Amino acid sequence: MKVAVIGASGRMGQAVIAALQNSATMELTAAIVSEQSNSLGKSVAGVNYQTLAQLEQTPDVFIDFSLPQALTANLNYAIEKQTPMVVCTTGLDASQRQQLQQAAKQVPLLYARNTSVGIALLEQLVALSAAALSDADIEIFEAHHKYKKDGPSGTALALGEAAASGRQQSFDEVSAGVRSDGERQQGSIGFSVLRAADIVGEHQVMLAQEGERLELNHRVSDRKIFAEGALRAANWLVEQPKGLYHMKDILALQQSLHRLLNS
Ligand SMILES: NC(=O)C1=CN([C@@H]2O[C@H](COP(=O)(O)OP(=O)(O)OC[C@H]3O[C@@H](n4cnc5c(N)ncnc54)[C@H](OP(=O)(O)O)[C@@H]3O)[C@@H](O)[C@H]2O)C=CC1
Ligand SMILES: O=C(O)C1=N[C@H](C(=O)O)C[C@H](O)C1
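This section reports on the structure supplied with the text. No experiment lies behind these values; they were computed from the predicted model shown.

Moving on to the overall build of the protein chain. The helix and strand tally for the protein chain stands at nine helices and 13 strands. Here the C-alpha atoms of the protein chain give a radius of gyration of 19 Å, agreeing with the 18 Å that 2.2 N^0.38 yields for 263 residues. Oriented by its inertia axes, the alpha-carbon framework of the protein chain measures out at about 60 × 40 × 35 Å. Residues counted as buried form 49% of the 263 residues belonging to the protein chain.

Shown next as structure tokens:
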């Protein structure tokens, strides 16, 4: 399978390229960067860095770990070439999320703010816990490396959305955003953000009640976890009809949880 990586020069782009070099079935055929990139004129894993406009050979799938400002051009290209795309970029605003929905009517897209299996499972556990502990105060903490541009992380927001959906609430109505001062409003979901050194990605969801609290933690110490998840997503996506998919669709976690809860 021919794979084009968008954001190829970045931390995640490099991790995906390393994972592709270990794959028996998938190969890197294009390393896409921005028009301003310092990497143009250089190569990686035997492939020259190039812009999307310079791409000559259409791949079987795109894996996008770039930045929000690249989204529109990336989606338009995927539609034009009728090529599935795994979108892993975070920090998208509401109109960009809307663009994803629209584009998915024309081409298969998988949107994953976190491609690890652990976070896909954690989202299900958070929805379940939020429903079961319906009065608990929910707070979400995330920690990442000092270069991360967006915050709260895409994963933290996805976990907040999972908690709200577990309580059949609208996330926008219950989200308190990043906490600063003032009393906590009952039923709100607050976020705390830490940026330091080389932390790869850590998330904690706390469900606190008087006298006890449940803490659900996930820590990634190596970006190959995200890279391998993205390859798994790409492998799965190329077999799907147009539509918008998520990691949970690949892993069928909802069915497993449902079976367990009903056994
Ligand atoms: N879903 C997941 O599991 C994960 C998602 N992420 C997300 O992935 C994204 C990238 O993270 P990370 O690798 O750390 O970030 P980096 O800043 O290291 O990499 C982003 C790369 O995107 C490239 N880029 C910028 N604009 C464009 C453009 N218009 N077209 C093509 N490439 C472009 C830049 O390359 P150049 O300057 O050379 O053009 C840059 O190297 C972030 O949104 C992050 O939150 C991160 C980890 C896991
Ligand atoms: O920028 C990162 O590094 C990460 N971004 C993703 C996010 O915003 O949730 C996923 C991961 O935690 C690493």
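Packing of helix 2 (residues 71–80) against helix 3 (residues 94–103) leaves a shortest axis separation of 11 Å and a crossing angle of 0°. The orientation of helix 2 with respect to helix 3, classified from their angle, is roughly parallel. On helix 3, the residues touching Leu71, Thr72, Leu75 and Ile79 of helix 2 are Gln96, Gln99, Leu100 and Ala103. In terms of residue class, the contact of helix 2 with helix 3 is built from five nonpolar, three polar and no charged.

Moving on to the site of ligand 2. The full set close to ligand 2 counts 13 residues, and His144, His145, Lys148, Gly154 and Thr155 are the nearest of them. A distance of 2.9 Å separates an oxygen atom of ligand 2 from a polar backbone atom of glycine 154. With the chains in place, 86% of the 320 Å² that ligand 2 exposes on its own is no longer accessible. More than half of the atoms of ligand 2 fall within 2 Å of the grid points belonging to the largest pocket.

What follows concerns unusual backbone geometry. Glycine aside, residues mostly have negative phi, and peptide bonds are mostly found in the trans state. Proline 152 follows glycine 151 through a cis peptide bond whose omega is -10°. The residue proline 152 is located in the loop between strand 8 (137–144) and helix 5 (154–166) in this model. At alanine 45, a position not held by glycine, the phi torsion is positive, near 45°. Looking at the secondary structure, you find alanine 45 in the loop between strand 3 (43–44) and strand 4 (47–50).

So, how was this worked out
Residues numbered from 1 in each chain as written. Chains lettered and ligands numbered in written order. Predicted model: local features only at pLDDT ≥ 70, side-chain atom pairs only at ≥ 80, totals over all residues. Heavy atoms only, no water. Helix = DSSP H or I, 4+ residues; strand = E, 2+ residues; numbered from the N terminus. Rg over C-alpha atoms; globule rule 2.2 N^0.38 Å. Buried < 20%, exposed > 50% of the residue type's maximum accessible area, 1.4 Å probe, protein only. Axes fitted to C-alpha atoms, helices over the stretch in contact; angles between N-to-C directions. Parallel < 35°, antiparallel > 145°, perpendicular 65-115°, else oblique. Contact = heavy atoms within 4.5 Å. Nonpolar A, V, L, I, M, F, W, Y, C, P; charged D, E, K, R; others polar. Near = heavy atom within 4 Å. Polar contact = N/O pair within 3.5 Å; in protein donor to acceptor, adjacent residues only side chain to side chain. Areas by Shrake-Rupley, 256 points an atom, 1.4 Å probe, with all protein chains shown as cover. 1 Å grid on protein atoms, 1.4 Å probe; cavity = no way out; pocket = protein on both sides within 12 Å on 5 of 7 lines; lining within 4 Å. Sits in = over half its atoms within 2 Å of the grid points.

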